[in-house]
Amino acid sequence: QVQLVESGGGLVQPGGSLRLSCAASGSIVSISTMGWYRQAPGKQRELVATTTSGGGGVTAADSVKGRFTISRDNAKNTVYLQMNSLKPEDTAVYYCNAGIRSTWYQQEPANYWGQGTQVTVSS
């Protein structure tokens, strides 16, 4: 059993900052890609940023480049999203995602999602 638990969402004024955390727990052999997606009301879920297990392979949406930074602590099985210069259009439910192998004989990682955390940017 694997769980992803997010924290750090909330209400912030435009221009403010928030830091999201997502910790993976349970039966974990290895974690490949970890990342963040978001879904605003009435819109499809979209990629925010992802990072590979080594931390060097970062992919980020153009809309967040220069404002959001993704990082991970492999020892803690945790991925972070530092969000600066937040805008009202960043308002969404943010979901953590990870590719996780739970057993040594599992060849491909399974895809897991967190329950989501609400980020609201409003004055």
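Please refer to the structure placed before this passage.
Not measured: the values here are computed from a predicted model.

Asker: Explain the state of the cysteines to me, please; I cannot follow it from the model alone.
Answerer: Covalently bonding the sulfur atom of one cysteine to the sulfur atom of another cysteine gives a disulfide. Summed over all chains, the structure comprises one disulfide. Here C22 is linked by a disulfide to C96, with a sulfur-sulfur distance of 2.0 Å. A torsion of -80° about the S-S bond marks the disulfide between C22 and C96 as left-handed. One end of the pair, C22, is in strand β3 (residues 18-26); the other, C96, is in strand β9 (residues 92-101), and 74 residues separate them in sequence. One exposure class covers both C22 and C96, and it is buried.

Asker: I keep staring at the side chain of S102 and nothing clicks. Help me out?
Answerer: Here S102 lies in the loop between β9 and β10 (110-113). Not counting residues within four places of it along the chain, the set of residues in contact with S102 comprises V2, S27, V29 and Y112.

Asker: What is the right way to read the sheet that holds strand β8 (residues 78-83) from this model?
Answerer: Within a sheet, neighbouring strands are paired by backbone hydrogen bonds and run either parallel or antiparallel to one another. Read from one edge to the other, the open sheet built from four strands follows the order β1-β3-β8-β7, with strand pairing classed as antiparallel. Pairing within the sheet leaves two strands with one partner each, and these edge strands are β1 (2-7) and β7 (68-73). Taking the axes of each pair of neighbouring strands and ignoring which way they run, one obtains an average angle of 15° across the sheet. Judged from the six bridges that link them, β7 and β8 form a sheet pairing that is antiparallel. If you follow D73 over to β8, its bridge partner there is T78.

Asker: Just to check I follow, could you spell out the pattern of salt bridges for this structure?
Answerer: Close approach of charged atoms allows side chains of opposite charge to pair. The tally for this structure, following the rule as stated, stands at four salt bridges. Ionic pairing is found between K65 and D62, a salt bridge with its closest N-O pair at 3.2 Å. For D62, a relative accessible area of 66% gives the class exposed. Measuring nitrogen to oxygen at the nearest pair gives 2.7 Å for the salt bridge that ties R67 to D90. Here the residue R67 occupies a position in the loop between β6 (58-60) and β7, and D90 occupies one in the loop between β8 and β9, the gap between them amounting to 23 residues. Here R67 falls in the buried class, since its relative accessible area comes to 10%. One continuous salt-bridge network, built from bridges that share partners, spans R38, E46, R67 and D90.

What counts, and where the lines are drawn
Residues numbered from 1 in each chain as written. Predicted model: local features only at pLDDT ≥ 70, side-chain atom pairs only at ≥ 80, totals over all residues. Heavy atoms only, no water. Disulfide = S-S within 2.5 Å. Helix = DSSP H or I, 4+ residues; strand = E, 2+ residues; numbered from the N terminus. Buried < 20%, exposed > 50% of the residue type's maximum accessible area, 1.4 Å probe, protein only. Contact = heavy atoms within 4.5 Å. Pairing = 2+ DSSP bridges. Axes fitted to C-alpha atoms, helices over the stretch in contact; angles between N-to-C directions. Salt bridge = Lys/Arg side-chain N within 4 Å of Asp/Glu carboxyl O.

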